[in-house]
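Below are the chains, spelled out letter by letter.
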Amino acid sequence: MRGREQQRAFETLLREHQRIVFKVVSVYARHPEDRRDLTQEICVQLWRSFPRFDEKRARFSTWMYRVALNIAISQMRRPPRQDERFETLDQQQLDAVGTVGIVEPDERVEVLHRFIDLLDPLNRALILLYLEDRGYGEIAEILGISETNVATKISRIKQKLRQQMTGAMPAGA
């Protein structure tokens, strides 16, 4: 693929799978400005990496999760800089991504989000992918860990979440 054709293919795939970006961003950034910045950074890195995407090695959604999670985790780990500059996307590229509102429907979801916020970056990625109904094999492929490790970590996270939810929910909820 060359130039314009590659850009159209990328924009189509990004539009089809944009919810992946928004889900990753919602787990790793809480403030609207941080969400916008992280969304933009993920989209820029996806575009930069797109020429190396090989559909024979992984599905686009798997590859996209891997890139998005790596960017989100990297952003979390590095200290914020006041003079940091992001490569800006033009309005057409931003329109291609679209916007999706994040709704917090009830108290249980709020408790779940607070719990997820307390997890380390790898465990956040695990729980995000698990809640997305991704199989252990795909989660292992995205995160670069074994399926056994995925199963063990998810089991521990669920156990810890159960304990947190039991302690955080009022009686009768």
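> Describe the pattern of salt bridges, and please don't skip the residues or the numbers.
Charged atoms that come close allow side chains of opposite charge to pair. Applying the stated rule across the entire model yields four salt bridges. For Arg30, the salt bridge is made with Asp117, and the minimal N-O distance between the two is 3.0 Å. Placement of the pair is Arg30 in the loop between α2 (18-28) and α3 (32-49) and Asp117 in helix α6 (residues 107-118), with a sequence separation of 87 residues. With relative accessibility at 30%, the residue Arg30 sits in the partly exposed group. Arg134 is the partner of Glu138 in a salt bridge, and the nearest nitrogen-oxygen pair spans 3.0 Å. The exposure class of Glu138 is buried, given its relative accessible area of 13%. Through salt bridges that share partners, Arg59, Arg134 and Glu138 make up one connected network.

The rules behind these values
Residues numbered from 1 in each chain as written. Predicted model: local features only at pLDDT ≥ 70, side-chain atom pairs only at ≥ 80, totals over all residues. Heavy atoms only, no water. Salt bridge = Lys/Arg side-chain N within 4 Å of Asp/Glu carboxyl O. Helix = DSSP H or I, 4+ residues; strand = E, 2+ residues; numbered from the N terminus. Buried < 20%, exposed > 50% of the residue type's maximum accessible area, 1.4 Å probe, protein only.

Scope: geometric values only; no functional claims are made or implied.
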